[in-house]
Amino acid sequence: MLDTLAARAATARGADPQAHLRRWTPGGPARHLPLGTLQDRIMVVGWWATLFYPRQKRRGICVPRAYASYRSLRRSGHPVRFVSGVAAGPSGVYGHAWIEDDWGHIEAYNEPDNRRRFRELFSFPPAK
């Protein structure tokens, strides 16, 4: 829940997303979480994000969900990246945010087509 509250505060403040993400990126070696822990963490963050943003059906909760997921997984040492992208749609250009780890999309995040659907604008930490 604390990660979702931090994401909510960061979303309300606005500003450069990289500043928030930099603050949430501890130093130290990467430690991949066990699959079950990773799945549980992503599910719980998604649940809290939906609870904190009940009226966001039109705008979506992708940024706070990705922020909270990033923060939660990074605190545990999992090497996750925040990714922001754009795509053209019938009513114009729209954006989306999600997370990936060093192996690519995270199956538990349940958005396997993001790379195909969206053109990356930026990621943090930047891809090597």
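Our structure is the block above this text.
About the cut-offs
Residues numbered from 1 in each chain as written. Predicted model: local features only at pLDDT ≥ 70, side-chain atom pairs only at ≥ 80, totals over all residues. Heavy atoms only, no water. Helix = DSSP H or I, 4+ residues; strand = E, 2+ residues; numbered from the N terminus. Buried < 20%, exposed > 50% of the residue type's maximum accessible area, 1.4 Å probe, protein only. Contact = heavy atoms within 4.5 Å. Pairing = 2+ DSSP bridges. Axes fitted to C-alpha atoms, helices over the stretch in contact; angles between N-to-C directions. Left-handed = near helix turned anticlockwise from the far one by under 90°. Nonpolar A, V, L, I, M, F, W, Y, C, P; charged D, E, K, R; others polar. Salt bridge = Lys/Arg side-chain N within 4 Å of Asp/Glu carboxyl O. Expected span 1.5 Å × (residues − 1). Arc of directions from axis to C-beta.

### With respect to the side chain of R65
Turning to step 1, where the next piece is worked out: Examined against the element boundaries, R65 turns out to sit in helix 4 (residues 62-75).
Turning to step 2, where the next piece is worked out: Looking at R65, the relative accessible area reads 16%, which means it is buried.
Turning to step 3, where the next piece is worked out: Discounting chain neighbours no more than four positions away, the residues touching R65 are I42, V45, G46, A49, Y109 and E111.

### Some thoughts on the sheet that holds strand 4 (residues 119-124)
Turning to step 1, where the next piece is worked out: Taken together, 4 strands build an open sheet; the order of strands is 3-2-1-4 and the sheet is antiparallel. The open sheet is flanked by strand 3 (104-105) and strand 4, the only strands paired with a single partner.
Turning to step 2, where the next piece is worked out: Pairing analysis gives 5 bridges linking strand 1 (residues 80-89) to strand 4, with the strands arranged antiparallel. Bridge pairing in strand 4 places V86 opposite R119.
Turning to step 3, where the next piece is worked out: Contacts between helix 4 and the sheet are confined to strand 1, strand 2 (92-101) and strand 4, with strand 2 contributing the most and set at about 15° to the helix.

### Considerations on the packing of helix 3 (residues 35-52) against helix 4
Turning to step 1, where the next piece is worked out: Remark: helix 3 packs on helix 4, axes separated minimally by 9 Å, with the N-to-C direction vectors making an angle of 145°. Where helix 3 crosses over helix 4, the two elements pack in a sense that is right-handed. Between helix 3, through L38, R41, I42, V45, G46 and A49, and helix 4, the contact on the second element is made entirely by R65, A68, S69, S72 and L73.
Turning to step 2, where the next piece is worked out: Each residue belonging to the contact of helix 3 with helix 4 can be placed in one class, and the counts come to 6 nonpolar, 3 polar and 2 charged.

### Thoughts on the pattern of salt bridges
Turning to step 1, where the next piece is worked out: One pass over the structure, following the stated rule, counts 6 salt bridges.
Turning to step 2, where the next piece is worked out: Here D113 ties to R116 by a salt bridge, and the two come within 3.5 Å at their closest N and O atoms.
Turning to step 3, where the next piece is worked out: Through salt bridges with shared partners, a single ionic network connects R81, E100, R115 and E120.

### A short note on helix 1 (residues 2-13)
Turning to step 1, where the next piece is worked out: With 12 residues, helix 1 should reach 16 Å at 1.5 Å per residue; the first-to-last C-alpha distance of 17 Å fits that figure.
Turning to step 2, where the next piece is worked out: All of the buried residues in helix 1 are D3, T4, A6, A7 and A10. Down the axis, helix 1 shows its buried residues gathered within 160° of arc, on one side only. Set apart from the buried face of helix 1 by more than 90 degrees, the exposed residues are L2, A12 and R13.
Turning to step 3, where the next piece is worked out: Turning to helix 1, the residues buried within the fold contact helix 2 (17-23), helix 3 and helix 4.

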